[in-house]
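As a plain string of letters, each chain reads:
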Amino acid sequence: MFSTAFLDLPPLQGASGVVTLPGSKSISNRVLLLSALCQGTTVVHDLLDSDDTRVMLAALRQLGCGVEIDGTTVTITGLGGRAWPAEAIEFFMGNAGTAMRPLTAALSVQGGDFTLKGVPRMHERPIGDLVDALRELGCTIDYLGNAGFPPLRIGQPQLQLNKPIPVRGDVSSQFLTALLMALPLAAQNRDIAIEVVGELISKPYIEITLNLLARYGIAVERHGWERFVIPAGSRYQSPGTIHVEADASSASYFIALGAIAQGDGIRIQGVGADSIQGDIRFMDAAAQMGAKIISGPNWLEIQRGAWPLKGITLDCNHIPDAAMTLAVMALYADGPTTLRNIASWRVKETDRIVAMATESRKLGATVEEGPDWITIHPLPADQWQRASIHTYDDHRVAMCFSLAAFNADQVPVRIEDPQCVAKTFPDYFEALFSVAHTAATNIPVICIDGPTASGKGTLASRVAAQLGYHYLDSGALYRVTAHAALQAGLTLEATDEAAIAKLARSLPVRFEGEQVLLNNVDVTDAIRSEQGGMNASKVSVLPAVREALVQLQHSFQRLPGLLADGRDMGTVIFPSAPLKVFLTASAAQRAERRHKQLILKGFSANIDALRADLEARDARDMSRSVAPLKPAQDALQLDNSSLTIEASVEQVMVWWQSRQVFT
Ligand code: DC
């Protein structure tokens, strides 16, 4: 996840490959509860790992369900046909609405001595309409705090099933979902009818519930959207195995990506055209705009069809969330696109009509808006602006505008507060970068070099963290090469140059955070020693070895950008890097810092000797014939002798920002 203040997307040129999307939250928690109510075991594949599902799993365990977790596959052994716990149980629901509502209903219909609590915010989220319906049915439920809100205490019910159960449909469709999932527990001998009071909102979510109930053997009769009947004799039956579909709204960004980007197409794994989620109908709208889409049971493949895309006018009431993605596709169309019947945009995470209009205008687009519609005009080449997109703590705004990076003018796009995508898709940008591509010249590199012990590694990795960029510690590559050479029985001298170079050319090295792995073995400590540094120095003067490591170093230049630290980063490896920094801390200062470090680690050290060592090493490094230590011609010098690390990071960020101006 990118938890940086902003994320700069370089201009993107194409996309191809496979993305596997995270499972849908709504489906995950429904499937867990339904599996728990069955007899026998259900293997649930591709379950979403999120706060809400963890809450549900914990509650099911408390009830005595078998829960075995193996990655995203969870095996549930249900309670069907077994005794429910007789002792008092207190459940903690966190802030998980998708667990609180259906569990309240199931526990109340089954009966017991149960208390349901949550975080303070959960105690402000209404549940009165559901409790009213359950009480009507004969359930025993008491409010432990404010009437109408959790926490709740549930007792034994005296079910009265002879009349229809009324439930309000205009506050949250989750109340109806909760009843639909709980009532089959009581439908052995008679039909049970539910009647919706008021206009039912979010019908697509009720469709998901009905679909899943059918998978678990419950065939609910639906009469319009007002009356639902659970037939007598209904019994939960495990489907044995079930796959949780990927989130269809999340899929919209990659469907759009396939329609916009040049390449061999995008394959989305985890959701198909026969999805039970309403937002999957986004694919029809995307196809209308020009996308070529084919689909199988659990996948979609999208390719660019019409280009430019075709402007459309569409009633978007059935796909309110995914329709936002159409607004960004509209920038790439041949005429205006009007999205109608989107009044609900105004009351979501933010006023999404205002947000989409404001941010599209920043990019240069002409946009008109009304109370429940928006018209976006295409943005021709030569008119795209470098914009910093405000995201309003709205995951969808952030994901939508990432698609603006494919603009014809090759301008980068800044996404503010990128971590807001965590609401539904924490690794959205990682997924985007795994399929998007662009010319290497578009991927920014910042080079940082300086004498030994100048703190360049710390500075480079901190700046990388602030920008969400990759980090290349090139010194580590020389250290690992030397280590591998010694392991292979080679000397580090010129006589073995060719053999060491051969090793270096296909070095099985991997970086995992601070750890360096060679052939999957952790060699971090071994290569970080003084001896490791000396060995690295030896192999680093062998021209064939330097040449052999060039390709590996280039391979670190990946989206969204790179911080490269080391000797020849700005001169040889990335000569056209847009920012190069050369540290110039004095030997006295560096000796003092190293002294502190060593003392902290419990080593004894002499500051004068350290300083003499450093000066000797500087002299050697500067005068050596192969890759001497010297600043690139266009490097900015940073004397960090009297700067804290934070101040040095700040200075590099100021330099970088001055070269990356966004409106
Ligand atoms: O930065 P460091 O201490 O990990 O570097 C180890 C040795 O490798 C040091 O002698 C400099 C050399 N080196 C190099 O020649 N070229 C680089 N790009 C990085 C390091």
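See above for the structure.
Given the structure is predicted, the values throughout are model-derived calculations rather than measurements. (Residues numbered from 1 in each chain as written. Predicted model: local features only at pLDDT ≥ 70, side-chain atom pairs only at ≥ 80, totals over all residues. Heavy atoms only, no water.)

K.L.:
Would you mind showing me how to read the site of the ligand here?
P.N.:
Around the ligand, the surrounding shell holds 14 residues, and the nearest of these are S474, R479, R546, R567 and R624. In this structure, R546 approaches the ligand through a side-chain N or O atom, which is 2.8 Å from an oxygen atom. For the ligand, a nitrogen atom lies 3.4 Å from a polar atom in the backbone of R567. Its free accessible area being 450 Å², the ligand has 93% of it covered by the protein chains. Contributions of two or more residues to the shell around the ligand are made by α14 (474–487) and α17 (530–540). Partitioning the shell around the ligand into residue classes produces three nonpolar, five polar and six charged. (Near = heavy atom within 4 Å. Polar contact = N/O pair within 3.5 Å; in protein donor to acceptor, adjacent residues only side chain to side chain. Areas by Shrake-Rupley, 256 points an atom, 1.4 Å probe, with all protein chains shown as cover. Helix = DSSP H or I, 4+ residues; strand = E, 2+ residues; numbered from the N terminus. Nonpolar A, V, L, I, M, F, W, Y, C, P; charged D, E, K, R; others polar.)

K.L.:
Which parts of the structure should I look at to understand the side chain of D279?
P.N.:
Summarising the element assignment, D279 is placed in the loop between β15 (262–269) and α8 (282–289). Buried and without a salt bridge, D279 has R396 as its closest oppositely charged side chain, separated by 5.5 Å. Not counting the four nearest positions on each side in its chain, D279 is found in contact with A248, S249, H318, I319, P320, D321 and A322. (Buried < 20%, exposed > 50% of the residue type's maximum accessible area, 1.4 Å probe, protein only. Lys, Arg positive; Asp, Glu negative; His and termini not counted. Salt bridge = Lys/Arg side-chain N within 4 Å of Asp/Glu carboxyl O. Contact = heavy atoms within 4.5 Å.)

K.L.:
Just checking my understanding: could you explain unusual backbone geometry for this structure?
P.N.:
Only a minority of non-glycine residues have a phi that is not negative, and only a minority of peptide bonds are not trans. The residue after P150, namely P151, is reached through a cis peptide bond having omega 5°. Turning to its location among the elements, P151 is positioned in the loop between β8 (141–143) and β9 (152–154). That bond from W307 to P308 is cis: its omega, 0°, falls within 30 degrees of zero. By the element assignment, P308 lies in the loop between β17 (299–303) and β18 (313–315). The phi torsion at A453 lies on the positive side, around 65°, for a residue other than glycine. Its location among the elements puts A453 in the loop between β25 (445–449) and α13 (456–467). Within the chain, A627 stands out as a residue other than glycine whose phi angle is a positive 45°.

K.L.:
Looking at this model, I keep getting lost on the packing of α14 against α17. Mind explaining?
P.N.:
For any two helices packed against each other, one specifies the inter-axial angle together with the distance between the axes. The geometry of α14 relative to α17 is characterised by a closest axis approach of 8 Å and an angle of 90° between their N-to-C directions. Considered as vectors, α14 and α17 are oriented roughly perpendicular to each other. Contacts from Y478, R479, A482 and L486 in α14 reach G532, G533, N535, A536, V539 and S540 in α17. Of the residues that constitute the contact of α14 with α17, the class distribution is five nonpolar, four polar and one charged. (Axes fitted to C-alpha atoms, helices over the stretch in contact; angles between N-to-C directions. Parallel < 35°, antiparallel > 145°, perpendicular 65-115°, else oblique.)

K.L.:
Hey, could you run me through the sheet that holds strand β7 (residues 114–117) in this one?
P.N.:
Paired through backbone hydrogen bonds, the strands of a sheet run either parallel or antiparallel to each other. Read across the open sheet, the four strands follow the order β6-β7-β9-β8; overall the sheet is mixed. Whereas interior strands pair on both sides, the edge strands pair on one side only; in this sheet they are β6 (89–92) and β8. Across this sheet, the average inter-strand angle for adjacent strands is 20°, counted without regard to direction. Along the sheet face, helix α2 (residues 51–63) touches β6 and β7 and points at about 170° away from the line of β6. In the packing of helix α3 (residues 97–110) onto the sheet, the strands contacted are β6, β7, β8 and β9, and the crossing angle to β9 comes to about 25°. (Pairing = 2+ DSSP bridges.)

K.L.:
How do you make sense of the pairing of β25 when you look at a structure like this?
P.N.:
Along any regular strand, the residues point their side chains to alternate faces of the sheet. The element β25 is largely enclosed, with a buried count of five among its five residues. Burial along β25 is two-sided: V445, C447 and D449 facing one way and I446 and I448 facing the other are all buried. When β25 meets strand β30 (residues 562–565), the two strands line up parallel, connected through four bridges. Looking at the pairing, C447 lines up with A564 of β30. Here β25 pairs with strand β31 (residues 579–583) via four bridges, running parallel.

K.L.:
What is the right way to look at the pairing of strand β19 (residues 337–340) in this model?
P.N.:
Bridge count between β18 and β19: three bridges; the pairing is parallel. Note on β19: the bridge partner recorded for T313 is T338. Read from β18 through helix α9 (residues 323–329) to β19, the crossover connection turns out right-handed. Sheet topology places β19 next to strand β21 (residues 373–376); three bridges connect them, and they run antiparallel. Note that in β21 the partner of L339 across the bridge is I374. (Right-handed = clockwise from strand over helix to strand, strands pointing away.)

K.L.:
Explain the packing of aromatic side chains to me, please; I cannot follow it from the model alone.
P.N.:
For any pair of aromatic rings, the description consists of the separation of the ring centres together with the inter-plane angle of the planes. The full count for this structure, using the stated rule, is 12 aromatic pairs. Here the aromatic rings of W225 and F228 are separated by 6.5 Å at their centres, their planes lie at 55°, and the arrangement is tilted. Judged by relative accessible area, which is 0%, F228 ranks as buried. Here a set of aromatic residues connected by ring pairs shows up, and it is made of F2, Y253, F254, F425, Y428, F429 and F433. We note R222 situated over the ring of W225; from NZ or CZ to the ring centre the distance is 4.1 Å. A cation over a ring is seen here: R414 above F6, with NZ or CZ 3.7 Å from the ring centre. (Phe/Tyr/Trp six-rings, centres within 6.5 Å; stacked < 30°, edge-to-face > 60°. Lys NZ or Arg CZ within 6 Å of the ring centre and 35° of its normal.)

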